[in-house]
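# Understanding the architecture of this molecule
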Amino acid sequence: MAERDAEALSDVRIRTARMDDITAIQAAASESWRAAYGHIFAPGFIAGFLNSAYSTSALRAAVAGRRSTFLVAETNGDIVGFAQFGERGRGPELFRLYVHPRHWRRGIGRRLLSHVEMQFLVLGAARYFCTVHKDNVIGRNFYLSQGFAHVGERDTRDEWCMRKALWIPEN
Ligand SMILES: CC(C)(COP(=O)(O)OP(=O)(O)OC[C@H]1O[C@@H](n2cnc3c(N)ncnc32)[C@H](O)[C@@H]1OP(=O)(O)O)[C@@H](O)C(=O)NCCC(=O)NCCS
(Lines give C-alpha, C1' and ligand atoms only; values in the text may rest on other atoms or scores of the structure.)
Protein backbone atom coordinates (compact mmCIF):
# COMPACT_ATOMS: atom_id res chain seq x y z
CA MET A 1 0.00 0.00 0.00
CA ALA A 2 1.43 3.42 -0.94
CA GLU A 3 2.29 5.79 1.91
CA ARG A 4 -0.13 8.36 0.49
CA ASP A 5 -3.00 5.82 0.64
CA ALA A 6 -2.09 4.79 4.16
CA GLU A 7 -2.39 8.41 5.22
CA ALA A 8 -5.68 8.83 3.38
CA LEU A 9 -7.01 5.75 5.17
CA SER A 10 -7.16 7.72 8.41
CA ASP A 11 -10.02 9.62 6.76
CA VAL A 12 -11.99 6.39 6.41
CA ARG A 13 -14.39 5.69 9.25
CA ILE A 14 -16.02 2.33 9.88
CA ARG A 15 -19.42 2.52 11.56
CA THR A 16 -22.74 0.74 11.82
CA ALA A 17 -25.01 1.34 8.83
CA ARG A 18 -28.08 3.55 9.13
CA MET A 19 -31.28 3.60 7.11
CA ASP A 20 -30.19 6.80 5.38
CA ASP A 21 -27.10 4.98 4.01
CA ILE A 22 -29.20 2.64 1.89
CA THR A 23 -29.07 4.60 -1.38
CA ALA A 24 -25.29 4.92 -1.10
CA ILE A 25 -24.92 1.21 -0.26
CA GLN A 26 -26.94 0.38 -3.38
CA ALA A 27 -24.65 2.58 -5.50
CA ALA A 28 -21.48 1.04 -4.07
CA ALA A 29 -22.90 -2.48 -4.49
CA SER A 30 -23.85 -1.83 -8.09
CA GLU A 31 -20.36 -0.57 -9.04
CA SER A 32 -18.57 -3.28 -7.08
CA TRP A 33 -20.76 -6.08 -8.42
CA ARG A 34 -20.24 -4.99 -12.03
CA ALA A 35 -16.48 -4.62 -11.56
CA ALA A 36 -16.10 -7.95 -9.74
CA TYR A 37 -18.55 -10.14 -11.63
CA GLY A 38 -18.83 -8.51 -15.08
CA HIS A 39 -16.62 -11.29 -16.52
CA ILE A 40 -18.48 -14.05 -14.64
CA PHE A 41 -22.21 -13.31 -14.92
CA ALA A 42 -24.37 -11.86 -17.71
CA PRO A 43 -25.44 -8.21 -17.23
CA GLY A 44 -29.08 -9.30 -16.87
CA PHE A 45 -28.24 -11.67 -14.05
CA ILE A 46 -26.27 -8.99 -12.21
CA ALA A 47 -29.09 -6.47 -12.60
CA GLY A 48 -31.64 -9.01 -11.34
CA PHE A 49 -29.49 -9.95 -8.38
CA LEU A 50 -28.92 -6.32 -7.41
CA ASN A 51 -32.64 -5.58 -7.74
CA SER A 52 -33.49 -8.33 -5.33
CA ALA A 53 -30.60 -8.67 -2.83
CA TYR A 54 -30.02 -4.91 -2.73
CA SER A 55 -33.61 -3.70 -2.99
CA THR A 56 -34.54 -1.00 -0.52
CA SER A 57 -36.73 -3.40 1.44
CA ALA A 58 -34.01 -6.09 1.56
CA LEU A 59 -31.44 -3.56 2.77
CA ARG A 60 -33.83 -2.10 5.33
CA ALA A 61 -34.24 -5.58 6.79
CA ALA A 62 -30.48 -6.18 6.68
CA VAL A 63 -29.64 -2.87 8.40
CA ALA A 64 -32.30 -3.38 11.05
CA GLY A 65 -31.58 -7.10 11.49
CA ARG A 66 -31.01 -8.38 15.00
CA ARG A 67 -29.10 -11.48 13.92
CA SER A 68 -26.51 -9.68 11.86
CA THR A 69 -24.51 -6.47 11.83
CA PHE A 70 -24.14 -4.16 8.84
CA LEU A 71 -21.06 -1.94 8.74
CA VAL A 72 -20.15 0.80 6.29
CA ALA A 73 -16.86 2.48 5.42
CA GLU A 74 -17.33 6.22 5.03
CA THR A 75 -14.97 8.88 3.77
CA ASN A 76 -15.84 12.54 3.27
CA GLY A 77 -19.50 11.68 3.64
CA ASP A 78 -19.36 8.98 0.90
CA ILE A 79 -20.06 5.31 1.55
CA VAL A 80 -17.14 3.51 -0.10
CA GLY A 81 -17.64 -0.02 1.23
CA PHE A 82 -19.73 -2.23 3.45
CA ALA A 83 -19.78 -5.56 5.25
CA GLN A 84 -22.52 -7.66 6.82
CA PHE A 85 -21.87 -10.52 9.22
CA GLY A 86 -23.70 -12.68 11.72
CA GLU A 87 -25.03 -16.18 12.14
CA ARG A 88 -27.64 -17.87 9.97
CA GLY A 89 -27.43 -21.49 10.95
CA ARG A 90 -23.95 -22.50 9.80
CA GLY A 91 -21.82 -20.71 12.38
CA PRO A 92 -20.29 -17.24 12.43
CA GLU A 93 -20.35 -15.96 8.87
CA LEU A 94 -19.32 -12.96 6.83
CA PHE A 95 -22.33 -12.55 4.54
CA ARG A 96 -20.91 -9.87 2.25
CA LEU A 97 -17.98 -7.50 1.89
CA TYR A 98 -17.78 -4.94 -0.91
CA VAL A 99 -15.66 -1.88 -1.62
CA HIS A 100 -16.43 0.63 -4.37
CA PRO A 101 -13.94 -0.12 -7.18
CA ARG A 102 -12.76 3.49 -7.21
CA HIS A 103 -11.31 2.75 -3.75
CA TRP A 104 -9.96 -0.75 -4.29
CA ARG A 105 -6.50 -1.56 -3.00
CA ARG A 106 -6.41 1.24 -0.42
CA GLY A 107 -6.81 -1.01 2.61
CA ILE A 108 -10.54 -0.40 3.10
CA GLY A 109 -11.50 -4.07 2.72
CA ARG A 110 -8.88 -4.98 5.31
CA ARG A 111 -10.21 -2.31 7.68
CA LEU A 112 -13.79 -3.54 7.31
CA LEU A 113 -12.64 -7.10 7.94
CA SER A 114 -10.76 -6.03 11.08
CA HIS A 115 -13.95 -4.53 12.50
CA VAL A 116 -15.90 -7.68 11.64
CA GLU A 117 -13.28 -9.76 13.42
CA MET A 118 -13.17 -7.54 16.50
CA GLN A 119 -16.91 -7.94 16.86
CA PHE A 120 -16.77 -11.70 16.29
CA LEU A 121 -14.07 -11.91 18.98
CA VAL A 122 -16.22 -9.97 21.42
CA LEU A 123 -18.97 -12.51 20.77
CA GLY A 124 -16.53 -15.35 21.49
CA ALA A 125 -16.30 -16.75 17.95
CA ALA A 126 -13.17 -18.85 17.46
CA ARG A 127 -13.50 -18.86 13.66
CA TYR A 128 -15.80 -17.72 10.91
CA PHE A 129 -16.36 -18.39 7.26
CA CYS A 130 -17.52 -16.78 4.06
CA THR A 131 -17.94 -17.82 0.45
CA VAL A 132 -16.38 -16.45 -2.71
CA HIS A 133 -17.09 -17.29 -6.35
CA LYS A 134 -14.38 -19.57 -7.72
CA ASP A 135 -13.73 -17.18 -10.64
CA ASN A 136 -13.54 -14.08 -8.45
CA VAL A 137 -9.75 -14.06 -8.36
CA ILE A 138 -9.51 -10.66 -6.65
CA GLY A 139 -11.89 -11.78 -3.90
CA ARG A 140 -10.05 -15.07 -3.47
CA ASN A 141 -6.67 -13.33 -3.27
CA PHE A 142 -8.05 -10.83 -0.81
CA TYR A 143 -9.27 -13.56 1.55
CA LEU A 144 -6.10 -15.62 1.23
CA SER A 145 -4.04 -12.51 2.00
CA GLN A 146 -6.12 -11.98 5.15
CA GLY A 147 -5.43 -15.43 6.58
CA PHE A 148 -8.38 -17.44 5.26
CA ALA A 149 -7.99 -21.01 4.06
CA HIS A 150 -10.03 -22.65 1.32
CA VAL A 151 -12.15 -25.48 2.81
CA GLY A 152 -12.88 -27.45 -0.34
CA GLU A 153 -15.23 -29.97 1.26
CA ARG A 154 -17.65 -27.18 2.09
CA ASP A 155 -17.72 -25.71 -1.42
CA THR A 156 -21.12 -25.48 -3.06
CA ARG A 157 -21.28 -25.45 -6.86
CA ASP A 158 -19.22 -22.43 -7.94
CA GLU A 159 -18.78 -20.98 -4.46
CA TRP A 160 -15.60 -21.61 -2.51
CA CYS A 161 -15.92 -21.83 1.26
CA MET A 162 -13.21 -19.80 3.00
CA ARG A 163 -12.54 -20.13 6.72
CA LYS A 164 -10.44 -18.13 9.15
CA ALA A 165 -9.40 -19.04 12.68
CA LEU A 166 -9.44 -16.14 15.13
CA TRP A 167 -8.03 -18.08 18.09
CA ILE A 168 -7.45 -21.71 19.04
CA PRO A 169 -9.82 -23.05 21.74
CA GLU A 170 -7.99 -24.93 24.52
CA ASN A 171 -10.05 -28.10 24.19
C1 LIG B 1 -12.26 -8.02 -2.29
C2 LIG B 1 -12.37 -6.53 -1.93
C3 LIG B 1 -13.41 -6.35 -0.82
C4 LIG B 1 -10.98 -6.07 -1.40
O5 LIG B 1 -11.13 -4.73 -0.94
P6 LIG B 1 -9.90 -3.71 -1.00
O7 LIG B 1 -10.25 -2.55 -0.14
O8 LIG B 1 -9.53 -3.43 -2.40
O9 LIG B 1 -8.75 -4.59 -0.32
P10 LIG B 1 -7.47 -4.05 0.47
O11 LIG B 1 -6.95 -2.82 -0.17
O12 LIG B 1 -7.78 -3.98 1.92
O13 LIG B 1 -6.43 -5.24 0.19
C14 LIG B 1 -5.92 -6.07 1.22
C15 LIG B 1 -5.05 -7.11 0.55
O16 LIG B 1 -5.84 -7.99 -0.26
C17 LIG B 1 -5.07 -8.39 -1.41
N18 LIG B 1 -5.69 -7.86 -2.62
C19 LIG B 1 -6.68 -6.94 -2.70
N20 LIG B 1 -6.98 -6.70 -4.00
C21 LIG B 1 -6.16 -7.47 -4.73
C22 LIG B 1 -5.97 -7.65 -6.13
N23 LIG B 1 -6.67 -6.94 -7.03
N24 LIG B 1 -5.03 -8.52 -6.55
C25 LIG B 1 -4.28 -9.22 -5.63
N26 LIG B 1 -4.40 -9.08 -4.30
C27 LIG B 1 -5.34 -8.22 -3.85
C28 LIG B 1 -3.68 -7.75 -1.23
O29 LIG B 1 -2.87 -8.66 -0.51
C30 LIG B 1 -4.01 -6.54 -0.38
O31 LIG B 1 -2.91 -6.08 0.39
P32 LIG B 1 -1.83 -5.05 -0.28
O33 LIG B 1 -2.61 -4.03 -1.06
O34 LIG B 1 -1.11 -4.49 0.91
O35 LIG B 1 -0.99 -5.89 -1.18
C36 LIG B 1 -12.72 -5.66 -3.17
O37 LIG B 1 -11.85 -6.00 -4.22
C38 LIG B 1 -14.13 -5.88 -3.65
O39 LIG B 1 -15.06 -5.20 -3.20
N40 LIG B 1 -14.31 -6.84 -4.59
C41 LIG B 1 -15.65 -7.16 -5.09
C42 LIG B 1 -16.47 -7.88 -4.04
C43 LIG B 1 -15.81 -9.13 -3.53
O44 LIG B 1 -15.13 -9.83 -4.25
N45 LIG B 1 -16.02 -9.37 -2.23
C46 LIG B 1 -15.47 -10.53 -1.58
C47 LIG B 1 -16.07 -11.80 -2.04
S48 LIG B 1 -17.81 -11.86 -1.79
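See the structure above.
Note that the structure is a prediction, hence the values are computed from the model and not measured.

Once that is clear, we can look at the overall build of the chain. In terms of regular secondary structure, the chain is built from six helices and seven strands. Listing every helix and strand of the chain by position from the N terminus yields α-β-α-α-α-β-β-β-α-β-α-β-β. Here the C-alpha radius of gyration of the chain, 16 Å, is about what a compact globule of 171 residues would show, namely 16 Å. Seen through its C-alpha atoms, the chain measures out along the principal axes to roughly 45 × 40 × 35 Å. A total of 171 residues make up the chain; the buried ones form 43% of that total. Total accessible area computed for the chain in this model is approximately 9,600 Å², and 51% of it derives from carbon and sulfur atoms.

Once that is clear, we can look at unusual backbone geometry. For residues other than glycine, phi is negative in most cases, and the peptide bonds are mostly trans. Phi is positive for Arg105, which is not a glycine, with a value near 65°. Of note, Arg105 is situated in the loop between strand S4 (92-99) and helix H5 (108-122). Of note in the backbone geometry, Arg157 takes a positive phi value of approximately 45° without being a glycine. As for its position among the elements, Arg157 is in the loop between strand S6 (149-150) and strand S7 (159-165). When its relative accessible area of 82% is taken as the criterion, Arg157 is described as exposed.

We now examine the nonpolar core. Judged by nonpolar contacts, the single largest core of 23 residues is most densely connected at Leu94, Ile108, Leu112 and Tyr143. Secondary-structure elements contributing two or more residues to this core are strand S2 (68-75), strand S3 (78-87), S4, H5 and strand S5 (127-133). The biggest single contributor to this core is H5, with five residues. Formed by 19 residues, the second largest nonpolar core is a distinct cluster that contains Ala28, Tyr37, Tyr54 and Phe70.

Let us look at the packing of aromatic side chains. Taken as a whole and judged by the stated rule, the model has 15 aromatic pairs. Look at Tyr37 and Tyr98: their rings are 6.5 Å apart centre to centre, the planes differ by 65°, and that puts the pair in the edge-to-face class. Remark: Tyr98 occurs in strand S4 and Tyr37 occurs in helix H2 (residues 22-37); sequence separation between them is 61 residues. Each member of the pair Tyr37 and Tyr98 is classed as buried. Ring centres 5.9 Å apart and planes at 65° place the aromatic pair Tyr54 and Phe82 in the edge-to-face group. Of the two residues, Tyr54 sits in the loop between helix H3 (43-53) and helix H4 (56-64) while Phe82 sits in strand S3, which places them 28 residues apart along the sequence. Side by side, Tyr54 and Phe82 carry an identical accessibility label, which is buried. Ring pairing ties together the aromatic residues Trp33, Tyr37, Phe41, Phe45, Phe49, Tyr54, Phe70, Phe82 and Tyr98, which thus form one cluster. The ring centre of Tyr54 lies 4.7 Å from the NZ or CZ of Arg96, which sits over that ring. The ring of Phe129 carries Arg154 above its face, with NZ or CZ at 4.6 Å from the centroid.

Along the chain, Thr75 falls in strand S2. Here Thr75 is in contact with Asp11, Val12, Val80 and His103, once residues within four sequence places are set aside.

Parameters at a glance
One numbering rule holds for all chains: residues counted from 1, following each sequence as written. Predicted model: local features are reported for residues with pLDDT of at least 70 only, side-chain atom pairs are reported and counted for 80 or more only, and whole-chain, interface and lining totals are derived from all residues. With hydrogens and water set aside, each side-chain value is computed from the structure's full complement of heavy atoms. Think of it this way: any DSSP run of H or I at least four residues long counts as a helix, any run of E at least two long counts as a strand, and we number them from the N terminus. The size measure is the radius of gyration over C-alpha atoms, and the globule rule it meets is 2.2 Å times the number of residues to the 0.38 power. Exposure classes here rest on a 1.4 Å probe applied to the protein chains alone. A residue is buried below 20% of its type maximum, exposed above 50%, and partly exposed in between. Working definition of accessibility: Shrake-Rupley area with a 1.4 Å probe, residue cover restricted to the visible protein chains. In this description, a nonpolar core means a group of buried Ala, Val, Leu, Ile, Met, Phe, Trp, Tyr and Cys residues linked to one another through side-chain atoms lying within 4.5 Å. Under the pairing criterion, centres of Phe, Tyr and Trp rings, with the six-membered ring standing for Trp, must be within 6.5 Å; the plane angle then separates stacked pairs below 30 degrees from edge-to-face pairs above 60, leaving the rest tilted. Throughout this description, the term charge over a ring refers to an Arg CZ or Lys NZ atom that lies within 6 Å of the ring centre and within 35 degrees of the ring normal. Here, two residues are considered to be in contact whenever any of their heavy atoms come within 4.5 Å of each other.

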